[in-house]
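What the coordinates show
So the chains spell out like this:
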Amino acid sequence: MANKPLLPEMMKTHGVSRRAFLKYCASLTSLMALSPAMVPRVAKALESAPRPSVIWLSFQECTGCTESITRSHSPTIEDLIFNSVSLDYHHTLQAASGHAAEAAREQAMKDNYGKYLLVVDGSIPIKDPGYSCIAGISNLDMLKETAAGAAAIVSVGTCAAYGGVGHANPNPTGAVAVSEIITDKPIINVPGCPPIPVVMTGVLAHFLTFGIPELDALGRPKAFFGESIHDRCYRRPFYDKGKFAESFDDEGARGGWCLYKLGCKGPTTHSACATVKWNNGVSFPIEAGHPCLGCTEPDFWDNGGFYKPLSVPSGDYRKMGLAAIVGGAAIGTASALLSKAGKAKAVKAHETVNAHDLEKSS
Amino acid sequence: MDCNHPSAKKPSATADVLSFVATGNASPVLHEVKHALIQLLKTGAESVIDLGAIPFAPGDDRVLNEILGIGEVHATLTVMGESHVRETAIPGVWCVDHLDENGEYQSRFIEVTYMPNILKTQREDAERGLETLAERLGALDDRR
Ligand code: SF4
Ligand code: SF4
């Protein structure tokens, strides 16, 4: 993979015009929340970016994250960007296996020591490292060994970023996140179960063009995780009016009302689902009538049941960021602020809020 | 609607209801457009406003579209999905919408310029064009 052509060359072979590239750069710049004045710089950086060597380690995971990033149906520029890194080791995708694969990893580490990007999906069991091994090497040892020579680490998916499903109560394997083991390297968390493909390539593009993006307190790139689902949800006007679906087949559900009472975690969940959407921009869970599960937040599995409203006390909401319930860029009006404040107060007191209460306060 | 092109996916019934919802952000954006137009005329400086960077509800789009109106030029580009480049009824102010292959919005901009860059043939494409033309002429000569 060492002699892969640079992006302009690859665009030419795939019949991608310069105009298409400029369009992609404009949309990518917008997605990365950069000023449109940066488009020429993004384009230039993407064209001339050296291809970093990437080592991708998969630990305790379901392969959903890899499945997500390889999901594109047509050769898009995202594919080209993903291809423009030199993916030197990826156990699931590479042809080699066992010791031959490990030899490829060791070679890539040796050739690019201190410069390669380490991508990790999956959590790491520490109760007994033998719970998850690759070619006889425990996940814990492989992570420590490979992280030592990495320039930076990208923890892809909620498992690598925060422990995910493996870490869920009662956590039989003692699963932990990458950041709980490696503390001396820059770590970018790209959570999601799985993360949106374009967010993964967007983070990769940001790393290629401008280095490590600005991160929030949970290590997530602010450009993609800066706003909550609730901030950008198209059902938000119904929330602001206190109009909630009470079951999956009632009048509210059919009318597209807010899914808060059916357990929507949108108010405490930071992700780009509502704007970037899924399956090449077709839709996202709330648009399909299902509440947001909160999959980009730590411990979302243990936060009290997917179908319980946030206001029902059950989980550890401190971890999910109570502030997110009160804050956020509202598309609402004064009444929205009132109802939000009322809800925040109720969450604090662990009371159940119903549509009637909210209607009264708005 | 001029800033939301009809070839984008049809808005649902709920979108009609939502078209009454506004954040009040259309007015500051329109003032920004006015300021940009003054700068274009004074110094030739072009501006781009990213509509994805501002919380905008359907009601705001309505205000924006009413004030800017529909102008003389409408170009459809077929570049990895469609793009629509339309001059508004305020000459020098353009709406540029990039859609993906499924007709979903990728990004939306207002450009204040005499000619949006994406409409121009890019040098690299013209170079490739020359190669293609030479190849085709060669093939034509071979057939004779
Ligand atoms: S609670 Fe969920 S469905 Fe309701 S407005 Fe917020 S994100 Fe949308
Ligand atoms: S809508 Fe919520 S649960 Fe669904 S993918 Fe997005 S963040 Fe995860």
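Position labels on residues start from 1 in each chain and follow its written sequence. Key to labels: chains lettered from A, ligands numbered from 1, both in the order written. Local features in a predicted model are, by the rule used here, given only for residues with pLDDT of at least 70; side-chain atom pairs are given and counted only at 80 or more, and totals for whole chains, interfaces and linings are based on all residues. To get the side-chain values, all heavy atoms of the structure are used, and hydrogens and water are removed first.

**Some remarks on the pairing of strand E3 (residues 116-121) of chain A**
Within a regular beta strand, the side chains point alternately toward one face of the sheet and then the other, so they alternate between its two faces. Residues and elements named next belong to chain A. To be explicit about the condition: Exposure classes here rest on a 1.4 Å probe applied to the protein chains alone. A residue is buried below 20% of its type maximum, exposed above 50%, and partly exposed in between. A helix here means a DSSP run of H or I that spans at least four residues, while a strand means a run of E at least two residues long, and both kinds are numbered starting from the N terminus. Strand pairing is assigned whenever DSSP detects at least two bridges linking the two strands.
When you tally the buried positions in E3, you get 6 out of 6 residues, the bulk of the element. Here E3 shows no split at all, with Tyr116, Leu118 and Val120 on one side and Leu117, Val119 and Asp121 on the other all buried. Two strands pair when backbone bridges link them, and strand E1 (residues 53-58) and E3 are joined in this way by 5 bridges, in the parallel orientation. Looking across to E3, one finds that Ser58 is bridged to Asp121.

**Some words on the pattern of salt bridges**
Put simply, the rule is: For this analysis, a salt bridge means a side-chain nitrogen from Lys or Arg found within 4 Å of a carboxyl oxygen belonging to Asp or Glu.
For the structure shown, the criterion picks out 16 salt bridges over all chains. Put simply, Arg105 of chain A and Glu102 of chain A hold a salt bridge, and the shortest N to O gap is 2.9 Å. Of this pair, Arg105 of chain A and Glu102 of chain A both sit in helix H6 (residues 98-111), 3 residues apart, roughly one helical turn. Using a relative accessible area of 0% as the deciding quantity, one classes Arg105 of chain A as buried. Glu102 of chain A sits in the buried class, given a relative accessible area of 3%. Put simply, Glu145 of chain A and Arg105 of chain A hold a salt bridge, and the shortest N to O gap is 3.5 Å. Of this pair, Glu145 of chain A sits in helix H7 (residues 139-147) while Arg105 of chain A sits in helix H6; the two residues are 40 residues apart in sequence, bridging distant segments of the chain. By relative accessible area, which is 35% here, Glu145 of chain A ends up partly exposed. Residues participating in the shared-partner salt-bridge network are Asp61, Arg86, Asp97 and Arg108 of chain B.

**Section: the side chain of Asp231 of chain A**
Residues and elements named next belong to chain A. Defined as follows: In this tally Asp and Glu are treated as negative and Lys and Arg as positive; neither His nor the chain ends contributes. By the criterion applied in these results, polar contacts are pairs of N or O atoms within 3.5 Å in which, for protein atoms, one can donate a hydrogen and the other can accept it, and in which residues neighboring in sequence qualify only through two side-chain atoms.
Inspection of the secondary structure assignment puts Asp231 in the loop between helix H11 (222-225) and helix H12 (236-240). Buried charged residue Asp231 carries no salt bridge. Nearest counter-charge: Arg236, at 4.4 Å. Only 2.9 Å separates the side chain of Asp231 from the backbone nitrogen of Ser228, close enough to count as a polar contact.

**Some words on unusual backbone geometry**
Residues and elements named next belong to chain A. Cis rather than trans, the peptide bond between Asn169 and Pro170 has omega equal to 5°. Pro194 follows Cys193 through a cis peptide bond whose omega is 0°. Note on placement: Pro194 falls in the loop between strand E9 (187-190) and helix H10 (197-210). Here the phi dihedral of Asn171 falls at roughly 45°; this positive angle occurs in a residue that is not glycine. Tracing the backbone through its elements, the reader meets Asn171 in the loop between helix H9 (164-167) and strand E8 (175-176). With a relative accessible area of 15%, Asn171 lands in the buried category.

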